[in-house]
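# Examination of the molecular architecture
Listed here are the chains, written in short residue letters.
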Amino acid sequence: MTTLLLSHPACLDHLNPMGHPERPDRIRAIERVLEQEKFQGLAREQAPMASIEMIALAHPLDYVEQVRDAAPKEGMVRLDADTTMSPGTFEAAMRAAGGAVQAVDEVMTGKVANAFVATRPPGHHAETATPMGFCLFNNAAVAARHAQKQHGAERVAIVDFDVHHGNGSQDIFWNDASVMYCSTHQMPLYPGTGAVSDRGAQNTIVNAPLRPGDGGDRFREAMETVILPRLEGFAPDLIIISAGFDAHMRDPLANLNFLEPDYAWVTQKLMELADRRCDGRVVSLLEGGYDLEGLSKSVAAHVTALMRG
Ligand SMILES: [Zn+2]
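Right, let's walk through the structure included here. (Residues numbered from 1 in each chain as written. Predicted model: local features only at pLDDT ≥ 70, side-chain atom pairs only at ≥ 80, totals over all residues. Heavy atoms only, no water.)

## A look at the nonpolar core
- In terms of nonpolar packing, the biggest core is built from 49 residues, with Phe116, Met223 and Leu231 touching the most fellow members.
- The residues touching Leu231, leaving out its near neighbours within four places in the chain, are Ala157, Val159, Met180, Cys182, Pro236, Leu270 and Leu273. (Core = buried A, V, L, I, M, F, W, Y, C linked by side-chain atoms within 4.5 Å. Buried < 20%, exposed > 50% of the residue type's maximum accessible area, 1.4 Å probe, protein only. Contact = heavy atoms within 4.5 Å.)

## Description of the packing of helix H8 (residues 260-278) against helix H9 (residues 292-306)
- H9 packs onto H8 with a crossing angle of 25 degrees between their chain directions and a minimal axis gap of 8 Å. Classed by the angle they form, the pair H8 and H9 counts as roughly parallel. You can see that H8 and H9 cross each other, and the crossing is right-handed. Residues Glu260, Tyr263, Ala264, Thr267, Gln268 and Met271 of H8 lie in contact with H9, whose contacting residues are Lys297, Ser298, Ala301, His302, Ala305 and Leu306.
- For the contact of H8 with H9, the residue count by class is 6 nonpolar, 4 polar and 2 charged. (Axes fitted to C-alpha atoms, helices over the stretch in contact; angles between N-to-C directions. Helix = DSSP H or I, 4+ residues; strand = E, 2+ residues; numbered from the N terminus. Parallel < 35°, antiparallel > 145°, perpendicular 65-115°, else oblique. Left-handed = near helix turned anticlockwise from the far one by under 90°. Nonpolar A, V, L, I, M, F, W, Y, C, P; charged D, E, K, R; others polar.)

## Observations regarding the coordination of the zinc ion
- Taken together, the protein ligands of the zinc ion are Asp162 (OD), Asp162 (OD), His164 (ND1) and Asp246 (OD), with distances of 2.0 to 2.8 Å.
- Around the zinc ion sit 4 donor atoms, and with donor-metal-donor angles ranging over 51 to 153 degrees the site reads as irregular.
- Positions of the donor residues of the zinc ion, expressed as sequence spacing, correspond to D-x1-H-x81-D. Of this pair, Asp162 sits in the loop between strand E6 (156-160) and helix H6 (167-172) while Asp246 sits in the loop between strand E9 (238-243) and H8; the two residues are 84 residues apart in sequence, bridging distant segments of the chain.
- A relative accessible area of 0% means that Asp246 is categorised as buried. (Donors = N, O, S within 2.8 Å, 3.2 Å for Na, K, Ca; no water. Tetrahedral: all angles 85-135°; square planar, octahedral: opposite > 155°, others 65-115°.)

Here is the structure:
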């Protein structure tokens, strides 16, 4: 069974101000590394645009329309201190969410074993009705709700190893016992949420914060002792990974010290759990990662593990 890779050139057309870390070169660096011989076995598809109704599975319809209507014809508009729209942003955001939905469709129907969606803008900071932290629509949340609505998944788990806490995913699923949100992240760090005591109304939010300077050993310990046991007990029908690679040692936005083998390890662990619980169904969505070398090498390690290489 194959691993699906979804991306789209329109994701290069979402522009942020000069010097902004969330830039089109991130996708170019990933595409370059995935051109290597050992990735020839990937099934490659262009990410379709989500419909507004799909986005509205995770956000109020009027929020989706407000974001659409905020897009400038030229130049840029700021939605918050570090979240910007350019003329190409809306299509890029719709393809980021649409790629996530397409990945869910192909994984849930068994057409592919698993999938990696290399799109931007990222999604995990987007709250129910608030764009934030480079994110407009919460791609992981849209994917989770789509798996439930369209494919009858009863329980979906989102596992987020981006260095920042996914406040948006936590917000959207705070009251929802059918979606477990698990996160490792540096604390203290933007956005400030994600304490161990943030458990959600149904005890299905699982936060395992790490301290500045922590490396892969602490990450693996948090996964082994906190997150993997909770996931095992939850028995998800699908695992969605919010795959941010900004906990890498080289990343300029934070102070954790993960290395490529840590990303291979966590991918392997999640796949083993998915094998036991849900026929191996894993959909991985790109979130952060701002050092191009750290990002591309970490994605290579992650995708190699998805391909069981
Ligand atoms: Zn991040």
